[in-house]
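# An overview of the molecular structure
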Amino acid sequence: VESGQNVFLHTSPPGYSSMKYSADISSPFRPAERSGEDVDIILARLKCVKVFERSTLASYNSYACVERGVTLYRQGDIGTSWYAVLFGSLDVKVSETANHQDAVTICTLGIGTAFGESILDNTPRHATIVTREFSELLRIDQREFKSLWERYRQCMAGLLAPSYGVMESGGPSPDGMPDKENLSNNSFGSISKHLSKVPSEKIMRAGKVLRDAILSRAPHIIRDRKYHLKTYRQCCVGTELVDWQMQQSSCVHSRIQAVGMWQVLLEEGVLNHVDQELTFQDKYLFYRFLDDEQDDAPLPTEKEARESDEELQDTLLLLSQIDRHLSCLKPGQRTADDLEIIYEELLHIKALSHLSTTVKKELAGFLIFESHAKAGTVLFNQGEEGTSWYIILKGSVNVVIYGKGVVCTLHEGDDFGKLALVNDAPRAASIVLREDNCHFLRVDKEDFNRILKDVEANTVRLKEHYQDVLVLEKSPSSQASTHGSTTTTSSHYKYTVMSGTPEKILEHFLEMMRLDSHLNESDPALDDFVLMHCVFIPNSQLCPVLMASQGSEQERLDYTLNNKRRVIRLVLQWASVHGDHLQEEDASVAFLEEFFVSVSDDARVIPALKDQLPELEKIVKNNSDDARSSQQKHKILLRQFSMGDEKLQKRQAIKSNDEILFKVYCSDHTYTTIRVPMAASVSEVISAVADKLGSAEDLLLVNLSSAGDKVVLKPNDISVFSTLSINGRLFVCPRDQLDSLMPLPEQEGPSTGSLGSFELMSSKDLAYQMTLYDWELFHCVHEHELIYYTFGRKNFKKTTANMDLFLRRFNEIQLWVITEICLCAQLSKRVQLLKKFIKIAAHCKEYKNLNSFFAIIMGMSNPAVSRLSQTWEKLPSKFKKFYSEFESLMDPSRNHRAYRLTVAKLDPPIIPFMPLLIKDMTFTHDGNKTFIDSLVNFEKMRMIANTVRIVRYCRSLPFSAEPSQTSKNHLDVRSYVRQLTVIDNQRTLSQFSHRLEPRRT
């Protein structure tokens, strides 16, 4: 790659998911050959990559894909290029000798990282870079990069911090490790001193609105102030800013909240403390707006004052949704609500994923938020006493060892400093900030040691044959009892399962089951087991264990009775959660029938069991009858859910043993129709196609997108029909014909918009019918599909078709918005379209259909739409405000806190933003092992079950909103929203966009 070779990507890389809403950036053009559309497409992808958030490099890079094991450059080489990682990962290897065979891997670079800035001063490479897997890279040649650096230093802030070393452009000081004073003067310091904090556009605008509003309404707040014989020019006092903000809006509920809102501006550099303190305080301390840093800052004009007055409430609402008041609170100041918010954020921090719920809740009480403004700051030096454990919330640090320099880099979610506390030993390395404005969570030594002691003291281990078989965590629990008007609380302990063998976990839950509770009262711990057992003990193994768990005739009668009642309750809950899925398993249905016979026999001897027979009989009868009916039906049940009039029918849940009639295309665009089960594997599909074609060749099954991207499906993949993109099709061909596959003409999508049809439809009717259809799709998703989707459906040999179709609906609505706008040639009509979509989004939000709400807003923020500046300029300010408010709910900061706070206030029924729930479950799955020391990690099961229960809560009440009484064409609206036609090729959409409004020179 350093020699200038490029291998351009023409197909989606392995594992590249259609769930990513990024543009197709595969481009066979070198930088000089790129059109405006190409640049926009690349920019669309780069916006998702951290290092390019504020850069201007789309026109200058070369795009390459590199196979696994390729060496980009070696330690000691003189560099020729700078790189950024779009997909994949690369190993950083360092050798203390000149022999490359001695090199050891010191860290791995992932998506969003950049490296190679030694080209700025022609110093040798300080490490060898090797691709760890198939990777997509952007490369910029030295000459162009130097030119860009000279022209855009400010815009390229943050790009040049080395991904794996603060000293890439220079070596350590003579003693091997720079001290705190020397560090800012080394070669990294020479780069970082040019970089300044660049606030986001929204926060910059918020600061201007607040400053102009203060100068218009209370100009005395911003003035020159004297303190200790020194004059501080154009300053505000912290307490006065809080007072003023409290008077402006009902969304500011407390002084603590107002402090957090000012903290947002302080962290972004829009507001600054005169002595550069990083925490905003409700005290007589001086702060200055960024605009007032310059001499003779202008006062707002009449127009600016009027605009600030109009935007003030929206600005305060935005800041209230992302306030940082928690980072200003000391541990002793946190309320119960504060602790709950902190705990919820801790759930999504990688370094804490292995800790139990109890420990995380305890951590929420004494974690300290710590910020540092400048790159090059040394948090601690090698050899110093360890006093704290750190977790990175924002930014990155370098780990530096005497004589070796930088050995690795830690990023958001990583932790450091624990080793010295555990071993009570000196620091083994120094930690140096590698970028400005880093934020950390800090746990001090005393609290850290207390956690360790508490964990050990409260861990109960049950052993058999000297091996752990069950690990429990003891924690205090309070049980309130009421006598008349007096409430007393008695403290006792509860035991939470942390890990264990499947049999011992089941045994524990049966023993701890309360028989005095009502049948409808679900024990959350038992519900965790019923929901998640498919991961570690499938039904085929669970059913025999349950049969054997009822006890024997030799045991005492009272013990046998209670034991049988517990097993019956578990079986009832198990059958209720699994629902129709049990009918797909003959063994499960047979178990229910056998179990009912066994309990009926026991009831003759133990009459007390008779009261549970009716409920059990009802479940057994329903499942047995439905299973027999299903066996007769599924052989003739044909589904073609991707197209046709079937979408007009009310959606029914798709089962694994349902059969589908599906078209599979050949390279000459002829097709064969096959009939296979929904959960058929790729091998089975190929076999069915080969039988129909009479072919004996080795065939490949290919997912071909409308853009021409080809994904060869693996033989053991299952249920692939529902995983196609909106306009994707399945092709089959011999390997030597793979490159000749071309999309069908029908895959291109529509050539004209449907504005003529749906502009006559009411926005509220459209939102209602969309919600009705989305609710049908959402209601079909079985809870277990979320688990199959997270852990991999091929591991369960089950379909996730209902989940796939619901997720695909999100993409469909998003692309519908983009398609309609890009196919609308008339400017005034496009403005009307924007207004229409904003209205539809508002009504979707009113109906609590957050999935479609977000899809519409994300469609409007797509580059093909957002670049239409002439269209957006004509949009009335009222609609711009609505759009800005809606966009703020999409803010991903602090783990999508704005969205989560909004959802927390809603009552069911709710259609949630499903991609975020999937992200939460995937994060938990990837960050926690399923088995620890051969024991089931039940804490992981509990966390995933909690996310599944969010879906259950959202559907706990049916959608029952009534359609508009004035609607006369609801059948037309219903038909329209269920049969949307879209273009799903980002390059095509971008080309249409450029025809509408060519790039301004």
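Under an unreviewed UniProt entry, the protein chain has the name Rap guanine nucleotide exchange factor 4 and belongs to Oncorhynchus tshawytscha.

## A closer look at the overall build of the protein chain
What the protein chain contains, in helices and strands, is 34 helices and 31 strands. Expressed as a percentage of its 1001 residues, the buried residues of the protein chain come to 55%. Of the contacts made within the protein chain by residues no fewer than 6 positions apart, 73% connect residues no fewer than 24 positions apart. Of the roughly 45400 Å² of accessible surface on the protein chain, a fraction of 51% belongs to carbon and sulfur atoms.

## Re the pattern of salt bridges
Two side chains of opposite charge can pair, provided their charged atoms sit close to one another. Here the structure, examined in full by the defined rule, presents 43 salt bridges. The shortest N-O distance in the salt bridge between Arg-461 and Asp-468 comes to 3.2 Å. Here Arg-461 falls in the partly exposed class, since its relative accessible area comes to 45%.

## Observations regarding helix H22 (residues 763–780)
Between the first and last C-alpha of H22 there are 26 Å, a value that for 18 residues agrees with the 26 Å anticipated at 1.5 Å per step. Burial runs high along H22: 15 of the 18 residues are buried. You can read the cap of H22 off the contacts: a side-chain oxygen lies 3.2 Å from the backbone nitrogen of Lys-764, and it is on Ser-762.

## Here we look at a nonpolar patch on the surface
A cluster of nonpolar residues, Val-460, Tyr-493 and Tyr-495, forms a patch on the protein surface that exposes about 290 Å² of accessible area. Its location among the elements puts Tyr-493 in strand E23 (residues 486–500).

## Observations regarding the packing of aromatic side chains
Under the definition given, this model contains 45 aromatic pairs. An angle of 50 degrees between the planes, with centres 5.0 Å apart, marks the rings of Phe-662 and Phe-721 as tilted. Taken together, the positions of Phe-662 in strand E25 (residues 659–665) and Phe-721 in the loop between strand E28 (710–712) and strand E29 (729–734) put the pair 59 residues apart, joining distant regions of the chain. Given a relative accessible area of 4%, Phe-662 falls into the buried group. Through a chain of ring-to-ring contacts, the aromatic side chains of Phe-810, Phe-853, Phe-854, Phe-882, Phe-886, Tyr-899 and Phe-913 assemble into a single cluster. When the ring centre of Tyr-73 is taken as origin, the NZ or CZ atom of Arg-125, which lies over that ring, is 3.9 Å away. When the ring centre of Tyr-343 is taken as reference, the NZ or CZ atom of Lys-361 above it lies at 5.2 Å.

## Examining the packing of helix H24 (residues 801–822) against helix H26 (residues 850–860)
Interhelical geometry of H24 versus H26 gives an angle of 40 degrees and a closest axis separation of 8 Å. Classed by the angle they form, the pair H24 and H26 counts as oblique. Two packed elements cross with a definite hand, and for H24 against H26 that hand is right-handed. Taken together, the residues of H26 that come into contact with H24 (itself represented by Phe-806, Phe-810, Ile-813, Gln-814, Val-817 and Ile-818) are Asn-851, Ser-852, Phe-854, Ala-855, Ile-856, Met-858, Gly-859 and Met-860. Its residues assigned to classes, the contact of H24 with H26 comprises ten nonpolar, four polar and no charged.

## Some details on the environment of Gln-541
By the element assignment, Gln-541 lies in helix H16 (residues 539–548). Among the residues examined, Gln-541 registers a relative accessible area of 45% and is labelled partly exposed. C-alpha separation for the pair Gln-541 and Pro-502, spaced 39 residues apart in sequence, amounts to 10.0 Å.

## Brief notes about the nonpolar core
Membership of the largest hydrophobic core comes to 127 residues, with the highest contact counts inside it found for Met-532, Trp-574, Trp-816, Phe-837 and Ile-856. Counting residues per element, this core draws most heavily on H24, which supplies eleven residues. Here Met-532 is in contact with Ile-787, Phe-791, Met-941, Ile-944 and Ala-945, once residues within four sequence places are set aside. Residues Ile-222, Ala-258, Phe-280 and Tyr-287 belong to the second largest nonpolar core, which totals 30 residues.

## Some details on the sheet that holds strand E10 (residues 230–237)
Ordered in space as E9-E10-E12-E11, the four strands form an open sheet in which the pairing is antiparallel. The outermost strands of the open sheet, each flanked by one partner alone, are strand E9 (223–227) and strand E11 (271–273). Going across the sheet, the axis of each strand differs from the next one's by a mean of 55 degrees, ignoring polarity. Alignment of E9 against E10, held across four bridges, turns out to be antiparallel. If you follow Lys-226 over to E10, its bridge partner there is Thr-231. Strands in contact with helix H6 (residues 238–248) are E9, E10, E11 and strand E12 (286–289); relative to E10, the strand with the most contacts, it is inclined by about 20 degrees.

## Section: the packing of helix H31 (residues 914–927) against helix H32 (residues 938–954)
Their axes nearest at 9 Å, the elements H31 and H32 cross at an angle of 175 degrees. What the angle tells us is that H31 and H32 run roughly antiparallel. Contact residues: Met-914, Leu-917, Asp-920, Met-921, Thr-924 and His-925 in H31; Lys-940, Met-943, Ile-944, Thr-947, Val-948, Ile-950 and Val-951 in H32. Per-class residue counts for the contact of H31 with H32 are eight nonpolar, three polar and two charged.

Criteria and thresholds
- Residues numbered from 1 in each chain as written.
- Predicted model: local features only at pLDDT ≥ 70, side-chain atom pairs only at ≥ 80, totals over all residues.
- Heavy atoms only, no water.
- Helix = DSSP H or I, 4+ residues; strand = E, 2+ residues; numbered from the N terminus.
- Buried < 20%, exposed > 50% of the residue type's maximum accessible area, 1.4 Å probe, protein only.
- Contact = heavy atoms within 4.5 Å.
- Areas by Shrake-Rupley, 256 points an atom, 1.4 Å probe, with all protein chains shown as cover.
- Salt bridge = Lys/Arg side-chain N within 4 Å of Asp/Glu carboxyl O.
- Expected span 1.5 Å × (residues − 1).
- Polar contact = N/O pair within 3.5 Å; in protein donor to acceptor, adjacent residues only side chain to side chain.
- Patch = residues over 30% accessible without salt bridge, like charges linked within 9 Å, V, L, I, M, F, W, Y side chains within 5 Å.
- Phe/Tyr/Trp six-rings, centres within 6.5 Å; stacked < 30°, edge-to-face > 60°.
- Lys NZ or Arg CZ within 6 Å of the ring centre and 35° of its normal.
- Axes fitted to C-alpha atoms, helices over the stretch in contact; angles between N-to-C directions.
- Parallel < 35°, antiparallel > 145°, perpendicular 65-115°, else oblique.
- Left-handed = near helix turned anticlockwise from the far one by under 90°.
- Nonpolar A, V, L, I, M, F, W, Y, C, P; charged D, E, K, R; others polar.
- Core = buried A, V, L, I, M, F, W, Y, C linked by side-chain atoms within 4.5 Å.
- Pairing = 2+ DSSP bridges.

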